[in-house]
Amino acid sequence: MITLGIETSCDETAVAVLKDRQILSNIVSSSMHLHSKYGGIVPEIATRHHVEVINYCLREAISQAGVKLNAIDLVSVTEGPGLIGAILIGVSFAKALAYSLEVPLVGTNHVIAHLWANFLTPQKPRLPFVGLVVSGGHTSLFLVNAADRYSLLGQTQDDAAGEAFDKVAKVLGLGYPGGPAIEKISKSADLSKMVKFEIPSSKDNSLDFSFSGIKTAVLYYVKKSGGPEKLKKDRIAAIAAGFQEAVCDALVRKAILACRVSGSKDLAIGGGVSANSRLRQKLSEAAVANGIKIFIPPLKLCLDNAAMTAMLGALLFKKGIRSDLFISGFSNMPAGREGV
Ligand code: KG4
Ligand code: ZN
């Protein structure tokens, strides 16, 4: 079955073609460079970029896949959650395409789709598995029973992990997006000299997260030191590394706890923060120590892409799920809902 995936929930315009689980093409056009000077995503800029490039992304996806438009059997699109204007571009485009090609349409949840990126690699998790989604807008733990059946085990009570990376990077004068910048500078830090930050809730047994406290702790630390301009590069690296370490430790601890509580031996992660090499390393070590099998997508599939959208859509389609032409993107599909 040939599935066309379309993803426009935030600042990436993405179109992909899958043949069953095989990626034939995976086109991503990011507007990130246009947002960096504002220190965060500007919805209007992201939306305009989708309008400008979505046709080009489709052409490129079809051409790289080596298929004709009329070979497509299914259109799968991100229906939410995301920036409403941005989502509407993808949803409207997908509806028009499905209607004109006379093929079915399936709307998918973007947060959940991040976990199904792990089904695009030869080794895939066994159901039910624990899924940790760590992105710019979400930090959630799920128990995934099927493509259309999952339950929320825990989530952040305030900032998402990616959001905390972005805000702390801003405080440290490292620019936007913050995650890759913090990871890069942390690599130069002497781990024995890193500034230690605590995540208070990391000792409790709930599966929820909280990252606003550590963000504020970094802010006060930097203010007390006279601001980022007064700090030498190795000091900034020591603060960044200390922050990254604490966030990774909290994510790892709760993910392992979720496996223990649910009895699942398979743990899959996804979302932009799962591109972080320190998190990947710590999760892999903790998984081995706890007899858990860890699934981490390749870097390109951690960040927003449409191959994962197509994968989830194809699985939902096989379960008999279809969307009609009235999907709007306004449902914003809460990630914690049981089922889709
Ligand atoms: O999943 P994603 O591409 O978009 C959303 O759905 O939000 O995630 C974007 C987030 C941003 O906050 C970005 O700073 C973070 O992922 N991120 C990282 C890394 N690469 C991206 N965080 C930590 N380390 C990274 N290497
Ligand atoms: Zn995402």
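Only a predicted model underlies this, so the values are computations on that prediction, with no experimental measurement involved.

### Some points on the pattern of salt bridges
Side chains that differ in charge, positive against negative, can pair when their charged atoms come close. All chains considered together, the criterion is met by 11 salt bridges. The residue Glu163 makes a salt bridge to Lys167 at a minimum N-O spacing of 2.9 Å. Taken together, the positions of Glu163 and Lys167, both in helix H5 (residues 161-171) and 4 residues apart, correspond to about one turn of that helix. Its salt-bridge partner being Asp190, residue Lys193 comes within 3.7 Å of it at the nearest N-O pair. Taken together, the salt bridges that share partners define one network made up of Asp159, Glu163, Lys167 and Lys215.

### Observations regarding the coordination of the zinc ion (ligand 2)
Metal coordination angles have textbook ideals: 109.5 degrees for a tetrahedral set of four donors and 90 or 180 degrees for an octahedral set of six. Around the zinc ion (ligand 2), the protein contributes the donor atoms His110 (NE2), His114 (NE2) and Asp304 (OD), which lie 2.0 to 2.2 Å from the metal centre. Positions of the donor residues of the zinc ion (ligand 2), expressed as sequence spacing, correspond to H-x3-H-x189-D. Separated by 194 residues along the polypeptide, His110 in helix H4 (residues 110-116) and Asp304 in the loop between helix H10 (299-302) and helix H11 (307-318) bring together distant segments of the chain. Taking the relative accessible area as the measure of exposure, Asp304 reaches 13% and is therefore buried.

### Comments concerning helix H2 (residues 43-65)
Along H2, the sharpest change in direction is near 45 degrees and occurs at Val53. Within H2, burial applies to Ala46, Thr47, His49, His50, Val53, Ile54, Cys57, Leu58, Ala61, Ile62 and Ala65. Contacts from the buried residues of H2 go to strand E1 (2-7), strand E2 (12-19), strand E3 (22-30), helix H1 (32-35) and helix H3 (84-101). In the segment just after H2, Gly66 is the residue with positive phi, at about 70 degrees.

### A few points about the nonpolar core
Core analysis: the largest hydrophobic core is formed by 52 residues, its most contacted members being Phe211, Phe243, Val247 and Leu251. Listing elements by their share of this core, those giving two or more residues are strand E6 (129-134), strand E7 (139-146), H5, helix H6 (178-186), helix H7 (212-224), helix H8 (233-262), strand E9 (266-270) and helix H9 (277-289). When residues in this core are grouped by element, the largest group, 18 residues, is from H8. Excluding its chain neighbours within four sequence positions, the residues that come into contact with Leu251 are Leu132, Val134, Thr139, Ala161, Phe209, Phe211 and Leu279.

### Things to note about the site of ligand 1
The full set close to ligand 1 counts 19 residues, and Gly136, Asp166, Glu183, Gly272 and Asn276 are the nearest of them. Within the backbone of Gly162, a nitrogen or oxygen atom sits 3.2 Å from an oxygen atom of ligand 1. Within the backbone of Gly179, a nitrogen or oxygen atom sits 3.1 Å from an oxygen atom of ligand 1. Across the complex, the protein chains shield 89% of the 550 Å² of accessible surface that ligand 1 would expose by itself. Among the secondary structure elements, those contributing two or more residues to the shell around ligand 1 are H4, H5 and H6. The greatest single-element share of the shell around ligand 1, amounting to 4 residues, is contributed by H6. A per-class count over the shell around ligand 1 returns 5 nonpolar, 11 polar and 3 charged.

### Here we look at the pairing of E6
On any regular strand, side chains alternate: one points to one face of the sheet, the next to the other face. Counting buried positions along E6 gives 6 out of 6 residues, so the element sits mostly inside the fold. With burial as the criterion, each face of E6 is covered, one bearing Phe129, Gly131 and Val133 and the other bearing Val130, Leu132 and Val134. In the sheet, E6 pairs with E7 via 6 bridges, with the strands oriented antiparallel. Across the sheet, Leu132 pairs through a bridge with Leu141, a residue of E7. What sits between the antiparallel neighbours E6 and E7 is a turn of 4 residues. Where E6 and E9 come together, 4 bridges link them in parallel fashion. Its bridge partner being in E9, Val133 is matched across the sheet by Gly270.

### Re the side chain of Ser140
Here Ser140 lies in strand E7. Accessibility expressed as a relative area gives 2% for Ser140, which makes it buried. Filtering out sequence-adjacent residues up to four positions away, Ser140 remains in contact with Gly131, Leu132, Val133, Leu152, Gly154 and Gln155.

The rules behind these values
Residues numbered from 1 in each chain as written. Chains lettered and ligands numbered in written order. Predicted model: local features only at pLDDT ≥ 70, side-chain atom pairs only at ≥ 80, totals over all residues. Heavy atoms only, no water. Salt bridge = Lys/Arg side-chain N within 4 Å of Asp/Glu carboxyl O. Helix = DSSP H or I, 4+ residues; strand = E, 2+ residues; numbered from the N terminus. Donors = N, O, S within 2.8 Å, 3.2 Å for Na, K, Ca; no water. Buried < 20%, exposed > 50% of the residue type's maximum accessible area, 1.4 Å probe, protein only. Bend = angle between axes of the 7 residues up to and from the residue. Contact = heavy atoms within 4.5 Å. Core = buried A, V, L, I, M, F, W, Y, C linked by side-chain atoms within 4.5 Å. Near = heavy atom within 4 Å. Polar contact = N/O pair within 3.5 Å; in protein donor to acceptor, adjacent residues only side chain to side chain. Areas by Shrake-Rupley, 256 points an atom, 1.4 Å probe, with all protein chains shown as cover. Nonpolar A, V, L, I, M, F, W, Y, C, P; charged D, E, K, R; others polar. Pairing = 2+ DSSP bridges.

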